[in-house]
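Residue-level structural notes
Read off the chains here:
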Amino acid sequence: MAEQQETPNVDSTVEVRNEAQNEDAVAEPAVQDLFQLTVKLPHPPHRIQIMVSIQEQVQDIRQSIIELPGTYQYSCFHLEHNGVRVNDYVELSEVPGIGPDAKLILVEDPYTEKEARIHLLRTRELIGAASVRNDTVSGVAAGITLFDGVDTVCEKAPHPLSNYDFNAPGSLEQFLPVASNTTAPKCVRGLCLSPWNPPPHHLRQKGHLLYIQCATLEGEQVHITSHVSGFYVNNSNSNKFDPSPRTKPKMLSAHSLVTLLGMISPSFEKEFQALQEFNSTKDPLITFGPTNAIPASPWLVPGPDAQHKSHTADLARPQEQYLIAGAEGVDSLRDFNEEFQSTRELPRETVQERVFRERLLSKLFADYTDAAVRGAMLIAKGEIAPLNPTEGRDAQIYVYNNIFFSHGADGVGTFTSEGGDEAARVATGKDVMGVKTVNSLDIPGLQTPGTVVVDYLGRRLVAQSIVPGIFRQREEGQSQIDYGGVEGKDVVATNDEFASLFDKMSKALRVKAHPVWDKDNKRHDLVSSVETKGLLGTDGRKYVLDLYRITPLDVDFIEKHWKGVEDETGYPHKMAVLRQELVEAFWKLKMREYISGVIKQRQEARKEAEKEKAEKAEGKQEAEGEEKKDEEKEEEEPQEDRVDISGFDFALNPDVFSGQVPQTEEEKAQWEADEKDVRDACTFLVEKCIPGLIEDLKEGEVGSPMDGYSLTRLMHKRGINIRYLGSLATLATEQGSRLASIKILAVQEMIARVSKHILNSLLRGLPLPLVPYAVSHFLNCLLGATHNPNPEVAKDEALWKLYHDADFTFEKLTVDNLRAQVQKEVQRRYRYDLEEDWASKLKPLQMLREVALKLGLQLQIKDYEFGPAKLDTGKADAAKVNGAAPTTNGSSSGKGKHKKKGSANSGASSPVPKGPSHTFSPEDVMNIFPIVKDSSSKSQLAEEALEAGRISIIQNQKELGQELLLESLSLHEQIYGVLHPEVARVYNTLSMLYYQLDEKPAAVELARKAVIVSERTLGVDSAETILNYLNLGLFEHANGDTKAALAYIKHAFGFWRIIYGDGHPDSVTTMNNTAVMLQALKHYTDSRKWFEASLAVCEEIFGKTSANAATLSFQLAQALALDNDSKGSVNRMRDAYNIFLAELGPNDRNTKEAENWLEQLTQNAVALAKQAKETAARRRLLKPRVTMAAKPQPQVGQGSVSGGRIAESTTSATGIGSMDSRSIDELLKYIEGADTKANPKRTTGKANPKRRGASRK
């Protein structure tokens, strides 16, 4: 249904566009001619009007008709114009006579069996009869979103963060979607294929296609015949077969099954209308299924007995595969390679052609990835026979659905000298990234096979589209490879036809043309690595294969740490290559050096010329000499600004240090120069890139990562390989508390990755039913040792007996030997020595998440016992250990929380009087889904438009910039479909730009879309999703809905605690923002608590005497003043003043403002103390009133003289009233009246937050 986002939608009378297209409407008229088109229909409403563009394809209009509420019943039809059938695959501009006010006629077509199957599937979805599909690829609850469950109204509490507990750990119940109070209306009880299928041969001759049975809401069982002419009710029942039309009480037939159901069931129309209204209340982004991306699968899912996740009976569910693919299954078989290559060869001259081409490619990559993953899962489960069953398992190959599969292991000894299986595994990962890189270059005439790597159940499988001719037997002496290394490096082929294409690729990848030598020491000049191969397919196309060595080896690292295959202490393999991002960064460095050199030469030449001229002009008059000098400067300076870089040619040789032997002295000299360049690149990585990243993190130049994925993504952007995690952790440790979070994440990531390798080796030889036993035992040894130091495997004797020949190595795993393995592997892979007590310092919840995400584990949502076992494990203890404390996330009532917990969790997860013997049981492993690496590249067209928009905004061309950004958004949605990670990122980027342009409603709308799309495609607890929620909160507050803002921030904080824990560096800013929002709502006490929490985290990270801490103390002092704590306010302001004085000096603006505030607050505190004494004296004389003591705290904003100024004297937004208390009134008079009125306003309203940002940088 996502195609609806890509085309203009229509209504029966007016143009309707979905929310994702509102922005398109702004940009499109500038480049596309819009006009109104009338479509005549055979049934009511008999006509609809659509706004279309002349460049739209007819099939887009057709799709709009199919998906519109008024015309959904049509699925098998064609369109006619002036009595002539219109081809679905042409543009409207190609239809003769089409234009404004033109009319198309919808003509219903006869059904085929395929069309009838599609119509039945679509009808089931339309009327809500289709049950949830158990998709094997995506896993449980794939593509879930929690956005619509966030309580933004908060009727039961003053605000969403009431009674927020800062000490409570994250609750895993956050992953539970909020149960809806309303259920979707039912239109029929059931709709499925009849057991009388398929039609007998003699009836097929008469046009019978399918037999359908329907159970109506009235309880009637009706049998329907699907005929070439449409659908009609027949005389069959469960016992008698009679597919002839039923004539009593009257014959019921229609071209559409939806129309026929309305005739059969009196209540159908009413319920169907109610269903349409129910569906319209949900955001389309929540209900649409992703078409061009695999939906994200959460690592925590509801248990089997969760109330909202019951498994329902549906007769049609097992029939769906037939309905989708047909009896022969041929509908799902595709020649993916031919599709890929023919789509790449489509024209790309105009923007419209590029959009169409890239849109097709994006959909094709998604379809191919889906098919490849399904095939890989079947192979891993042993359900597909290999083509070479006599070979060893790792050498076996498979073909399924026209896709070639092989193992990511060294089954035939190709990588024996490089590290065997470890090297082969890395090579497959590097190959898919190489294919992705070459795809992004999009070089005409150079083809790549579709490539996907799937990790599932401990096995790595590589899926490739079948290149025509790759299996063809060549004559003796001939090779399948036409360019590059044929048999390793022993035989090398060269071909001029390939050289020109490969040269374009190599120049873009910064690969140097270089010679290589075969086994006879014969020289061959290649423009790419000897490992990169060119193959001329039987279809005449030129293919590039084996792209795992497009960058040089990391020589310095290999020489230090690779000790051969036999040595178990050295790095596991020799396939340690540099990243493409690093090569690009090094190339830019060299280019800067080249430009600097050219400019320096020019300056020196100019000085020499000036000197010579001056010497020659000694005899001439001084004035003439000056004039000449001025003229020379005017001529030369403009040239100095422009440097021609066509003379700059720098690239790296990928084959150095890989066994090549130059023959002549000239060759040896050139080879040594190439080796030096590669060594310089390695040095640049170790001495510049890694310390540079640490410095940027320390100074706050980049956002601090929240989890392993965001850390590794940041490293990859900087060109740093994962093997340098140990170096990163070491450098972060040297920075102390400032980068403690980076050290924690780096160590956690190393342990999680090593755990992945160990568990994969244990799972590799296991059948699927034994996997949960191995996983749960491994997790018990890794994370449950505190609870049970001697975990044992929970055996099922029947399964053990059945799979007696399986590899039960996992049974030998103990806590001690697992820890020893982890310690050894971390040292071996990352050159980092874990501390002796590393296991006790692990964050169990965060480590569990990292391991689960890396292996594709889906675990049951429950309170996992990570702490010591206790004789009497009460609810509070279990909650405390596992992050489900009653007050977690600011729940206003502990009792209410327990009720919710009791209703949502299964009995197995509830605490029992005796602690469970193990933290994890096999039943906790609900599913394992595959981890996928694909080779689809970003759309260059959409990225170009986005970058052009950004540049225009920077250049202050706002109108042009906004138009380009909207055009980019439209392109992203058209090319990727709406539900795609890239679309989520562009939504987020645009929302921030609109916020900066002060277009707050638009920023909020885009931020909401960013949240939903990132939840569904990246995960509900991904770091990007959390940041999107925090941005949405900020924009909602700016747009005036502070309660909603706080609800989103609370939701984000809940997941932040799960993925990192408390005390993340970036949480300081978020807590500060939250405190400001609470002040805007006049909740001064709660605001003060958030300022205090923010300051506590800041002091822990940056130190108590840092400028950051001083800024927050300054704000906290103001918050305390608003909360009637004059003494605390003075103390905090004094702290801020002392730090500013020590750090910035007495003349700094911040120091002076703090001093000024300190004087005013001190004077006010003295006055308050004096007033308190007088009040006490009066109380002794008069009877005290009970209400006086209670006045200041709860009563807010009762029309004080200075109330309007409070917002300006604090960090909050405008509009906060004053406290109904004389002491606060007097305080405000002192604050705002002692000096100039502008000073306090400047200090906190504007200058102070800037200062905070500056101090962090």
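Residues numbered from 1 in each chain as written. Predicted model: local features only at pLDDT ≥ 70, side-chain atom pairs only at ≥ 80, totals over all residues. Heavy atoms only, no water.

1. Some words on the overall build of the protein
Helix and strand content of the protein: 39 helices and 25 strands. Taking all 1257 residues of the protein together, 52% fall into the buried category. When contacts within the protein are restricted to residue pairs at least 6 apart in sequence, long-range pairs at least 24 apart make up 70% of them. Of the roughly 56800 Å² of accessible surface on the protein, 50% is carried by carbon and sulfur atoms. (Helix = DSSP H or I, 4+ residues; strand = E, 2+ residues; numbered from the N terminus. Buried < 20%, exposed > 50% of the residue type's maximum accessible area, 1.4 Å probe, protein only. Contact = heavy atoms within 4.5 Å. Areas by Shrake-Rupley, 256 points an atom, 1.4 Å probe, with all protein chains shown as cover.)

2. Quick word on a negative patch on the surface
Together, E604, E608, E612 and E615 make up a negatively charged patch on the protein surface. As for its position among the elements, E612 is in helix 14 (residues 580-616). For E612, a relative accessible area of 45% translates into the label partly exposed. (Patch = residues over 30% accessible without salt bridge, like charges linked within 9 Å, V, L, I, M, F, W, Y side chains within 5 Å. Salt bridge = Lys/Arg side-chain N within 4 Å of Asp/Glu carboxyl O. Lys, Arg positive; Asp, Glu negative; His and termini not counted. Charge placed at Lys NZ, Arg CZ, Asp CG, Glu CD.)

3. Concerning the sheet that holds strand 16 (residues 459-465)
Spatial strand order, 12-13-16-15-25: 5 strands in an open sheet with antiparallel pairing. Each edge of the sheet is formed by a strand with only one pairing partner; in this case those strands are strand 12 (397-400) and strand 25 (931-934). In this sheet, adjacent strand axes meet at a mean angle of 20° when their direction is disregarded. In terms of strand pairing, strand 15 (residues 451-456) meets strand 25 through 4 bridges, oriented antiparallel. Paired with V452 across the bridge in strand 25 is D934. Each of strand 15, strand 16 and strand 25 touches helix 11 (residues 421-441); the most contacted strand, strand 15, lies at about 140° to it. (Pairing = 2+ DSSP bridges. Axes fitted to C-alpha atoms, helices over the stretch in contact; angles between N-to-C directions.)

4. Looking at the pairing of strand 16
Strand residues, when the strand is regular, have side chains that alternate between the two faces of the sheet. Across the 7 residues of strand 16, 6 count as buried, placing the element largely inside the fold. Sheet topology note: the strand 13 (residues 403-407)/strand 16 ladder contains 5 bridges and is antiparallel. Bridge pairing in strand 16 links F405 to A463. Both strand 15 and strand 16 contribute to a ladder of 6 bridges, which runs antiparallel. Across the sheet, residue V454 finds its bridge partner in strand 16, namely L461.

5. As for the pattern of salt bridges
Enumeration according to the criterion identifies 65 salt bridges in this entry. Residue R753 is joined to E749 by a salt bridge in which the shortest nitrogen-to-oxygen separation is 2.7 Å. Residue R753 and its partner E749 are located together in helix 19 (residues 740-763), separated by 4 residues, close to a single helical turn. For the pair R753 and E749, one class covers both residues: buried. The shortest N-O distance in the salt bridge between R985 and E982 comes to 3.0 Å.

6. As for the pairing of strand 13
For strand 13, a buried count of 5 out of 5 residues is recorded, marking the element as mostly surrounded by other parts of the structure. Neither face of strand 13 is open: one carries I403, F405 and H407, the other F404 and S406, and all of them are buried. Here strand 12 runs beside strand 13; their pairing, made up of 4 bridges, is antiparallel. Residue pairing in the sheet places I397 in a bridge with S406 of strand 13. Where strand 12 folds back onto strand 13 in an antiparallel hairpin, the turn is made up of 2 residues, including N401, whose phi is positive at roughly 55°.

7. Focus: the packing of helix 29 (residues 981-996) against helix 30 (residues 1000-1018)
Running from N to C, helix 29 and helix 30 cross one another at 155°; their axes reach a closest spacing of 8 Å. Considered as vectors, helix 29 and helix 30 are oriented roughly antiparallel to each other. Pair helix 29 / helix 30 crosses with left-handed handedness. Between helix 29 and helix 30, the residues in contact are P981, A984, R985, Y987, N988, L990, S991, Y994 and Y995 and A1002, A1003, L1006, A1007, K1009, A1010, V1013, S1014, T1017 and L1018, respectively. Tallied by class, residues from the contact of helix 29 with helix 30 come to 13 nonpolar, 4 polar and 2 charged. (Parallel < 35°, antiparallel > 145°, perpendicular 65-115°, else oblique. Left-handed = near helix turned anticlockwise from the far one by under 90°. Nonpolar A, V, L, I, M, F, W, Y, C, P; charged D, E, K, R; others polar.)

8. Quick word on unusual backbone geometry
Note: most peptide bonds trans; most residues except glycine with negative phi. Cis geometry marks the peptide bond from N197 to P198, where omega comes out at -10°. Looking at the element boundaries, P198 is found in the loop between strand 6 (190-193) and helix 4 (201-204). For the peptide bond that leads from K248 to P249, omega is -5°, which places it in the cis range. The residue N1124 is not glycine, and still its phi comes out positive at about 70°.

9. Structural notes on the side chain of H1051
Examined against the element boundaries, H1051 turns out to sit in helix 32 (residues 1042-1059). According to the relative accessible area criterion, H1051 is buried, its value standing at 11%. Look past the residues within four positions of H1051 in its chain and what remains in contact with it is L146, V150, Q174, E1015 and Y1029.

10. Section: the confidence of the model for the protein
Here the protein averages 83 in pLDDT, while 84% of its residues score no lower than 70. Confidence drops under pLDDT 50 across residues 1-32; counting only partners more than four residues distant or on other chains, this segment forms 87 contacts. Below a pLDDT of 50 lies the segment residues 1181-1257, which in the model reaches 153 contacts outside its immediate sequence neighbourhood of four places, other chains included. (pLDDT = per-residue confidence, 0-100.)

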